[in-house]
Amino acid sequence: MNDNIFALIYLIATILFIFGLKGLSSPKSALKGNFSAMIGMALAIFATLASPEVHSYFWIFMGIGIGLVIGVGVAIKIQMTAMPQLVAILHSFVGLSAVLVSIGTYLSHEARGELNSVLLVELGLGSLIGAVTFTGSIIAFGKLQGTITSNPLVFKGQHYLNLLLGLLMFVLTGYLAFAPNVVILLAITLIALLLGFLLVLPIGGADMPVVVSMLNSYSGWAASATGFTLGNNLLIATGALVGSSGAILSFIMCQAMNRSFISVILGGFGAEAGGDAAASGPVKNVKSASSEDVAYMLENSSKVVIIPGYGMAVSQAQHAIKELFEALNHKKIDVKFAIHPVAGRMPGHMNVLLAEADIPYDFVAEMEDINGEFASTDVVLVVGANDIINPAAKTDKSSPLYGMPILDAYKAKQIFVIKRSMKPGYAGVDNALFYYDNCTLVFGDAKGVCEKIVGSLES
Ligand code: TAP
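Residues numbered from 1 in each chain as written. Predicted model: local features only at pLDDT ≥ 70, side-chain atom pairs only at ≥ 80, totals over all residues. Heavy atoms only, no water.

A. Region of the structure containing the pairing of strand β1 (residues 303–308). Most of β1 is tucked away: six of the six residues are buried. Bridge count for β1 against strand β2 (residues 334–339) is four bridges, and the pairing is parallel. What sits directly across from Lys303, in β2, is Asp334. Inspection of the sheet shows β1 paired to strand β4 (residues 379–383) by five bridges, in the parallel sense. Bridge assignment links Val304 to a residue of β4, and that residue is Val379. (Buried < 20%, exposed > 50% of the residue type's maximum accessible area, 1.4 Å probe, protein only. Helix = DSSP H or I, 4+ residues; strand = E, 2+ residues; numbered from the N terminus. Pairing = 2+ DSSP bridges.)

This is the structure:
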């Protein structure tokens, strides 16, 4: 194949990846998006294998074969709830490969006497971003999997140490450009490996999804740096797409959770998370109701909004909710689902679960689209959600949630919240909504309560 055909295939693959990302921006088009990215990847692999630089296929096919067996095995077995740690460990592979490519390229170019300053800076950057991604992702995996304590591990002077190590890495990369020495490259790699640990250790387990998204972005930049090293335009473009989309996703998540984006990048994010505000303050009274009461109110409504949250995922209530949705639809009641961008514990968590239960996308609304409708809603049914409906985010400046956009459920005529106890949600703060006159709690496991509500609806 001549160079023009390679360039054309790489260009088509890049365009397909862009369509893939575009498709993934909505659950409706996500399948098509995935398919488009898969074709792009198949083209990219085909073109790379056909490249004249490939002299032997043995090791390449060995790698592909082993990866295929492990990848397919893991993909079939993996539970939805374990997806964040799978993504984290996959990012660690990207980071490790960037480090290995950098060191390998250094050694081969050194042997041929072809090292130059530009290449050396690329190798230093590829190695340092890759190494931070590698160890950072391993810690993220360990915390999500529960093999490393999910508590933030902090010590005095941690940020200064991180700053010092970061500066040292960049100074050494500059030095490497003028005084090539494999020991310097290895030193940069070792410091970056340590920095990856130090950046992610202070972050609490529940904050990990934001960090995983940030590491996803880092892995993209590492791949892009590797692309420069290998002179591979497709890798440069693909890495930049992953790097920028991961950074944008992290930014959106930070905004939706009212966190500082800069703190996440600098590894200080977890320190501000959580709290035990719920444990303090006077004991207040809440109203509670039974599933029969909820069924009665739902039957006598014309407009209902269901808000799913992390508790729906814990109890796997989505199929029971689908039955409830169908039963209410059958009674000609207008039912919609309201999705907060950080409901659950990973981006798109609720969308995926509702899609798994075959709830049609047309009935699922994003926060900005549904917030204007709560004032005209008869009943809001909250299924295992808490922080995302807490009005303290709007009214209480001392709340860690203050500033986080919420679903305006409090504006509805009646709100029912299904949860098991008075325990707080992820942010660890009491929910002001529970004490509103129009709010009633329904205590119990989300799945069980939803099933009982369906059973109590008049047929
Ligand atoms: P949370 O605020 O964590 O509240 C979940 C609620 O579900 C809790 O009040 C819990 O109360 C209830 N629950 C748990 N298991 C249940 C079960 N089996 N049956 C019934 N209820 C159950 O969840 P949310 O409202 O979805 O908000 C998400 C939070 O996670 C936000 O603070 C967000 O910032 C944070 N976060 C989100 C992400 C992403 S990307 N989505 C990532 C990291 C952190 P009981 O224990 O009393 O039942």
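There is more to say after this.
B. Quick look at the sheet that holds strand β5 (residues 414–419). Pairing is parallel in the open sheet, where six strands are placed in the order β3-β2-β1-β4-β5-β6. Sheet topology places β3 (364–366) and β6 (439–443) at the edges, where each strand pairs with a single neighbour. Within this sheet the neighbouring strands show an average axis-to-axis angle of 25 degrees, counted without direction. Packing of helix α13 (residues 318–330) onto the sheet brings it into contact with β1, β2 and β4, and relative to β2 it is tilted by some 145 degrees. Docked against the sheet, helix α17 (residues 446–456) engages β4, β5 and β6, running at close to 130 degrees with respect to β5. (Axes fitted to C-alpha atoms, helices over the stretch in contact; angles between N-to-C directions. Contact = heavy atoms within 4.5 Å.)

C. Unusual backbone geometry, seen in detail. Residue Gln316 is not a glycine yet carries a positive backbone phi of 55 degrees. Position of Gln316 relative to the elements: it lies in the loop between α12 (310–315) and α13. Look at Lys332: it is not a glycine, yet its phi comes out positive at around 65 degrees. Its place among the elements puts Lys332 in the loop between α13 and β2. A relative accessible area of 75% places Lys332 in the exposed class.

D. Main features of empty space enclosed by the protein. Applying the stated rule across the entire model yields two cavities of 30 Å³ or more. Of the volumes computed, that of the second largest cavity is approximately 30 Å³. Along its surface, the second largest cavity is lined by Pro27, Asn351, Leu354, Ala355, Ile359, Tyr361 and Val364. No other element matches the three residues that helix α14 (residues 349–356) contributes to the lining of the second largest cavity. A breakdown of the residues in the lining of the second largest cavity according to their chemical character gives six nonpolar, one polar and no charged. (1 Å grid on protein atoms, 1.4 Å probe; cavity = no way out; pocket = protein on both sides within 12 Å on 5 of 7 lines; lining within 4 Å. Points joined across faces, edges and corners; volume = space filled by probe spheres on them. Nonpolar A, V, L, I, M, F, W, Y, C, P; charged D, E, K, R; others polar.)

E. Region of the structure containing the site of the ligand. In the vicinity of the ligand lie 30 residues, with Asn386, Asp387, Arg420, Ser421 and Asp445 positioned nearest. For the ligand, an oxygen atom lies 2.7 Å from a polar atom in the backbone of Asn386. Lys419 is positioned such that a nitrogen or oxygen atom in its side chain is 3.0 Å from an oxygen atom of the ligand. Put simply, the ligand lies in the second largest pocket. Looking at the shell around the ligand, the elements that each hand over two or more residues are α9 (233–257), α12 and β5. In terms of residue count, α12 provides more of the shell around the ligand than any other element does, four residues in total. Of the residues contributing to the shell around the ligand, the split by class is 15 nonpolar, nine polar and six charged. In this structure, the shell around the ligand is formed jointly by two domains, domain 1 (78–266) and domain 2 (286–458), each of which donates at least three residues. (Near = heavy atom within 4 Å. Polar contact = N/O pair within 3.5 Å; in protein donor to acceptor, adjacent residues only side chain to side chain. Sits in = over half its atoms within 2 Å of the grid points. Domains from an automatic or database assignment.)

F. Spotlight on the packing of aromatic side chains. For the coordinates displayed, the defined rule picks out six aromatic pairs. Seen in terms of ring centroids, Tyr57 and Phe61 are 5.7 Å apart; in terms of plane orientation they differ by 35 degrees. Their pairing is tilted. Relative to Trp59, the ring of Phe58 lies with its centre 5.1 Å away and its plane at 80 degrees, an arrangement referred to as edge-to-face. Within the aromatic cluster, the residues linked to one another by ring pairs are Phe325, Phe337 and Phe363. Over the face of the ring belonging to Tyr310 we find Arg345, whose NZ or CZ atom lies 3.8 Å from the ring centre. (Phe/Tyr/Trp six-rings, centres within 6.5 Å; stacked < 30°, edge-to-face > 60°. Lys NZ or Arg CZ within 6 Å of the ring centre and 35° of its normal.)

Keep in mind these numbers describe shape, not what the thing actually does.
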